[in-house]
Amino acid sequence: MKSPATTLSLLSSVATMATSSWIDEDTPEALRTTKSLVDGSTYHLVMSDEFNVPDRTFTDGHDPTWTALDKSDDDYSASGGGSLHFYNSSMVSTTPDGMLTIQSILEDTSWTHLDLVKKEQVTKTTHFKSGMIQSWNKFCFTGGIIEVDVILPGEPDIGGLWPAMWLLGNLGRATYEASTNNLWPWSYDKCDRKKQDSQSISACNKANHFGLNKEQGRGATEIDILELMAGDSGGALPATEPPIMLPYADLTLQVAPGIAENRPQSGSQPVRSVDHSHSGYATSVAENWYDNLTVAGNTSLNPFFYGTYLGPTKKNEPVTRSKKQAFQADAVGAMKQLGPEHFKTPHTFRLEWQPGRGGSLDWFSKSYKKVDENGTVFHMEGDGKGQDWEHSLHIPDFALDEAMGSKIPEEPSYVIFNTAISSTWAFPYNVPDWCPKCYDCYDPKCQCSFNPGFCAMMKTGKVALKIDSVRVYQSRDDDAHSGKPHSVGCDPVEFPTREYIKGFEYRYMRNPPFVYDDKHPLRDVKTGGGACKVDADCGGGGVETEDVDEDWEMSGTKTMEEVLDLDNNGGESSLREDQSPLAHLKDKEHKIQPRERKLADHPLPSSNSGEEEKSTLDKPPVSTEAVVTTKKDKKVLTSTNRKPKGQCVEATNVGLFGIKTESRKQCKCNEGY
């Protein structure tokens, strides 16, 4: 048994699959294959987690697939001095109704560390606790289809939370800034001497060490399946086509190198043509941006975030980047309209990823056809009843190649779910000068820094991102899809990562003083040790053959208070645009369109005719074959046919520095687990 109370079948293959060690045995047979909505071919399940077993824990070393972090977020772009939360693994668990929950709460975390600039001990405090779970260096895949059923956290009309579901290349570990510096988000495999200093693993390198392939450009690529921007815009936002209001989801490819000159202005759609005055002088200049991007339905190209400039670092930042190493990264994406039901019931979001040259990225969500009183057929979204896929965004590889020579990511990538809290994301854009810009919900003078209702919402203690399931499918026929072949693994021969990570382990590890007992970036996965009351809590069975020693001990167990982390207080050299769309309404002549409907009263139609609305060029080819949902597809919360995996025994925890703590019942694995 690889993990306490986990249902993952890690030892044998499912009859209908090849190697299926990452497949949850609770995934219904009817959902072990799917049809691609782009090429129409059959894809097979290679990984799934239904999160059906309650009270799973994801602290480092507890789970074979996932690791929940215990550290601060090394994001120094926030105007308030950095991210406002502390990631704590106790915020991540599973519920009796079969949900992974990532809770966000009001709770202080303080730690003291040595400031290398000031040469003195300083204390840092965050006022929010939240969670991030990632499959880094455990489960990775390259290409295929990923589907996530999710209930978004908080309230749709209150901004301040930053939940996300995303993929990151295994060479970079999310929130460990030393591991991503000059690797994120490079997807570039050409030798350009002018860019070589900015891309730490460049195709110009004649001899790459640490197991890397020579003359191969690498990076920590990022694909955002969904990032939530909540709030109340009072109507349609400017420069959105079709009109989009808050809340919405960002669907984004982060990519480098980015367009350096004549970029689109934040808050406006890219200018595609040159206008002239009557006298012949140019009044506007065509801007450089990616062509052949396609959006459809209730989706607009995102005019509020075009990327991040990663400039030279300051001396108090946790990484170093010189002027020659500075570069522009682009955010190529769209914003999709959301509604209140996305915060109440599970909705399915789907990404189809065909990696590398000739590939593409396609985002989908669920809708259904409806006919109004005039006989007009349109697709309805946002009420949780959809069974038909709505194609939201298409990014072809040639659009990247033609613009900057970059490509659709081909890196082995892992899955991340998290909720962040940052003052640059959905926070008030027009804070008055007299406001101290502090971020403590219990401090009255800080209330001006939050959106109305945010602190009251957080004080309920009921804010949580909920994941019903995650499933990954891949094709077995390389000729059936565009792009490069699909694969599973974090260290494929074509894109190795293992030796590089081992050679630079310190970049993937937390900072002292609270982690002196961390010998490597990840702890060994414990066998057994999960809390239990009866044998059935240990995987569906009891004693098989061997006797159990009642004083059997589990080592390495800690309380959450014992796994705090440290990082340095950073600067703000990386210029990430304020992504709140409301910031672009300030000092503009544009007036917000009056809200035509209350979000709570109506679902979201994605088009007004029988055909989907579209922006830019033609809609990409999409298979018209229906995806049929049957009763067999419904969530199964229990499995009575499981082989006995463990037994519940009395055990003594071993805490910090090997000191024995309280005794409790824990799972001990049966032979073979």
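Residues numbered from 1 in each chain as written. Predicted model: local features only at pLDDT ≥ 70, side-chain atom pairs only at ≥ 80, totals over all residues. Heavy atoms only, no water.

> Lay out the overall build of the protein with the relevant residues and their values.
Scanning the protein from N- to C-terminus turns up 4 helices and 32 strands. Looking at the 673 residues of the protein, the share that counts as buried comes to 59%. Sequence-distant contacts in the protein: of pairs separated by 6 or more residues, those separated by 24 or more amount to 75%. Accessible surface, the protein: about 28,100 Å² in total, of which carbon and sulfur atoms supply 50%. (Helix = DSSP H or I, 4+ residues; strand = E, 2+ residues; numbered from the N terminus. Buried < 20%, exposed > 50% of the residue type's maximum accessible area, 1.4 Å probe, protein only. Contact = heavy atoms within 4.5 Å. Areas by Shrake-Rupley, 256 points an atom, 1.4 Å probe, with all protein chains shown as cover.)

> Could you give me a rundown of the sheet that holds strand E8 (residues 105-115), with the residues and numbers involved?
Two pairing modes exist for strands in a sheet, parallel and antiparallel, and in both the strands are linked by backbone hydrogen bonds. Strand order in the open sheet formed by 4 strands is E4-E5-E9-E8, with mixed pairing between adjacent strands. Edge positions in the sheet fall to strand E4 (71-72) and E8, since each of these pairs with one other strand and no more. The pairing of strand E5 (residues 85-87) with strand E9 (residues 120-130) spans 3 bridges and is classified as parallel. Within E9, the residue paired with His85 across the bridge is Phe128. (Pairing = 2+ DSSP bridges.)

> I'd like a description of the pairing of strand E13 (residues 162-169), backed by residues and values.
Summarising burial for E13: 8 of the 8 residues are buried, a large majority. Where burial is concerned, the two faces of E13 agree: the one with Trp162, Ala164, Trp166 and Leu168 and the one with Pro163, Met165, Leu167 and Gly169 are both buried. Pairing of E13 with strand E14 (residues 222-229), which is carried by 5 bridges, proceeds in the antiparallel orientation. What sits directly across from Met165, in E14, is Leu226.

> Could you give me a rundown of the environment of Lys344, with the residues and numbers involved?
Within the secondary structure layout, Lys344 lies in the loop between strand E19 (327-337) and strand E20 (347-354). For the pair Lys344 and Leu152, spaced 192 residues apart in the sequence, the C-alpha separation amounts to 7.5 Å.

> Describe the environment of Ala68, naming the residues involved and giving the relevant values.
As for its placement among the helices and strands, Ala68 is situated in strand E3 (residues 67-68). In this structure the C-alpha to C-alpha distance between Ala68 and Ser93, which are 25 residues apart in sequence, comes to 9.4 Å. Excluding residues within four positions of it along the chain, Ala68 makes contact with Phe58, Thr59, Asp60, Ser89, Val92, Met132 and Ile133.

> Give me the state of the cysteines: which residues, what numbers.
All told, the structure shown has 6 disulfides when counted by the stated rule. The disulfide that involves Cys191 links it to Cys204, with 2.1 Å between the sulfurs. Taking the sign of the S-S torsion, about 110° here, the bridge from Cys191 to Cys204 comes out right-handed. A residue pair is termed long-range when its members are at least 10 positions apart, and Cys191 in the loop between helix H1 (177-180) and E14 and Cys204 in the loop between H1 and E14 qualify at 13 residues. Classification of Cys191 as partly exposed rests on a relative accessible area of 44%. By relative accessible area, Cys204 is classed as buried at 4%. For Cys532, the disulfide goes to Cys648, at an S-S distance of 2.1 Å. Negative torsions about the S-S bond denote left-handed disulfides, and the value of about 95° found for Cys532 with Cys648 makes this one right-handed. Here the residue Cys532 occupies a position in the loop between helix H4 (498-503) and strand E27 (553-554), and Cys648 occupies one in strand E31 (residues 646-654), the gap between them amounting to 116 residues. A relative accessible area of 11% places Cys532 in the buried class. (Disulfide = S-S within 2.5 Å.)

> Run through the side chain of His481, naming residues and quoting values.
Counting through the fold element by element, His481 comes out in the loop between strand E25 (464-474) and strand E26 (487-488). Residue classification places His481 among the buried positions, given a relative accessible area of 8%. Polar contacts involving the side chain of His481 include one to the side chain of Gln354, which spans 3.1 Å. If sequence neighbours within four positions are ignored, His481 has contacts with Asp39, Tyr43, Gln354, Ser475 and His486. (Polar contact = N/O pair within 3.5 Å; in protein donor to acceptor, adjacent residues only side chain to side chain.)

> Describe in detail the packing of aromatic side chains, supporting the description with residues and values.
Across all of its chains, the model carries 23 aromatic pairs by this definition. Among the aromatic residues, those joined into a cluster by ring pairs are Phe128, Phe427, Tyr439, Phe450 and Phe454. Geometry around Tyr176 places Lys71 over its ring, the cationic atom sitting 4.5 Å from the centre. Just above the ring of Trp389 sits the side chain of Lys366; from NZ or CZ to the centre is 4.7 Å. (Phe/Tyr/Trp six-rings, centres within 6.5 Å; stacked < 30°, edge-to-face > 60°. Lys NZ or Arg CZ within 6 Å of the ring centre and 35° of its normal.)

> Please provide a residue-by-residue account of the pattern of salt bridges, values included.
Counted under the stated rule, the structure contains 20 salt bridges. Measuring nitrogen to oxygen at the nearest pair gives 2.9 Å for the salt bridge that ties Arg56 to Asp49. For Asp49, a relative accessible area of 0% corresponds to the buried category. In this structure, Glu410 and Lys407 form a salt bridge, with 2.9 Å as the shortest nitrogen-oxygen distance. (Salt bridge = Lys/Arg side-chain N within 4 Å of Asp/Glu carboxyl O.)

> Would you mind going over helix H2 (residues 397-404) in detail, with residue names and values included?
Where H2 is concerned, the buried positions are Asp397, Ala399 and Leu400. Here the buried residues of H2 occupy an arc of 165° about the axis, which is enough to place them on one side. Downstream of H2 by a residue or two, Gly405 has a phi angle that is positive, lying close to 80°. (Arc of directions from axis to C-beta.)

> Got a sec to walk through unusual backbone geometry? Specific residues and values, please.
In this structure, the amide linkage connecting Leu246 to the following residue, Pro247, adopts the cis form with an omega of 0°. Along the chain, Pro247 falls in the loop between E14 and strand E15 (248-255). Of note, the phi angle at Asp55 is positive, near 65°, even though the residue is not glycine. Positionally, Asp55 belongs in the loop between strand E2 (42-49) and E3. For Asp55, a relative accessible area of 59% gives the class exposed. Positive phi, normally seen in glycine, also occurs at Glu215, with a value near 55°. Counting through the fold element by element, Glu215 comes out in the loop between H1 and E14.

> Mind laying out the pairing of strand E23 (residues 388-396), listing which residues take part and the relevant values?
Most of E23 sits out of view: 8 of its 9 residues are buried. When strand E16 (residues 294-296) meets E23, the two strands line up antiparallel, connected through 2 bridges. In the sheet register, Thr294 faces E23, and the bridge partner there is His394.

> Can you break down the nonpolar core residue by residue, with the values?
One broad trend across soluble globular proteins is that nonpolar side chains are buried collectively. Grouped together as the largest cluster of nonpolar side chains are 55 residues, with contacts concentrated most on Ile146, Ile395 and Phe417. Ile146 has contacts with Phe141, Leu167, Ile225, Phe349, Arg350, Leu351, Val415, Val470, Arg471 and Val472, leaving out every residue within four places of it along the chain. With 42 residues, the next largest nonpolar core counts Trp136, Ile201, Ile244 and Leu522 among its residues. (Core = buried A, V, L, I, M, F, W, Y, C linked by side-chain atoms within 4.5 Å.)

> With reference to specific residues and values, describe the confidence of the model for the protein.
Here the protein shows a mean pLDDT of 80. Residues at 70 or above account for 72%. Confidence over residues 76-81 falls short of pLDDT 50; this stretch has 25 contacts with residues more than four positions distant or in other chains. The low-confidence segment residues 587-634 (pLDDT under 50) makes 109 contacts with residues lying over four places distant or belonging to another chain. (pLDDT = per-residue confidence, 0-100.)

> Account for the environment of Arg173, with residues named and values stated.
Here Arg173 shows up in the loop between E13 and H1. Residues Arg173 and Ile501, 328 residues apart in the sequence, show an inter-C-alpha distance of 10.0 Å. Ignoring any residue separated from it by four or fewer positions in sequence, one finds Arg173 in contact with Thr67, Leu69, Gln134, Trp136, Leu168, Ser179, Thr180, Tyr414, Tyr508, Pro521 and Leu522. Within the structure, Arg173 has its side chain in polar contact with the backbone oxygen of Pro521 (distance 3.2 Å).

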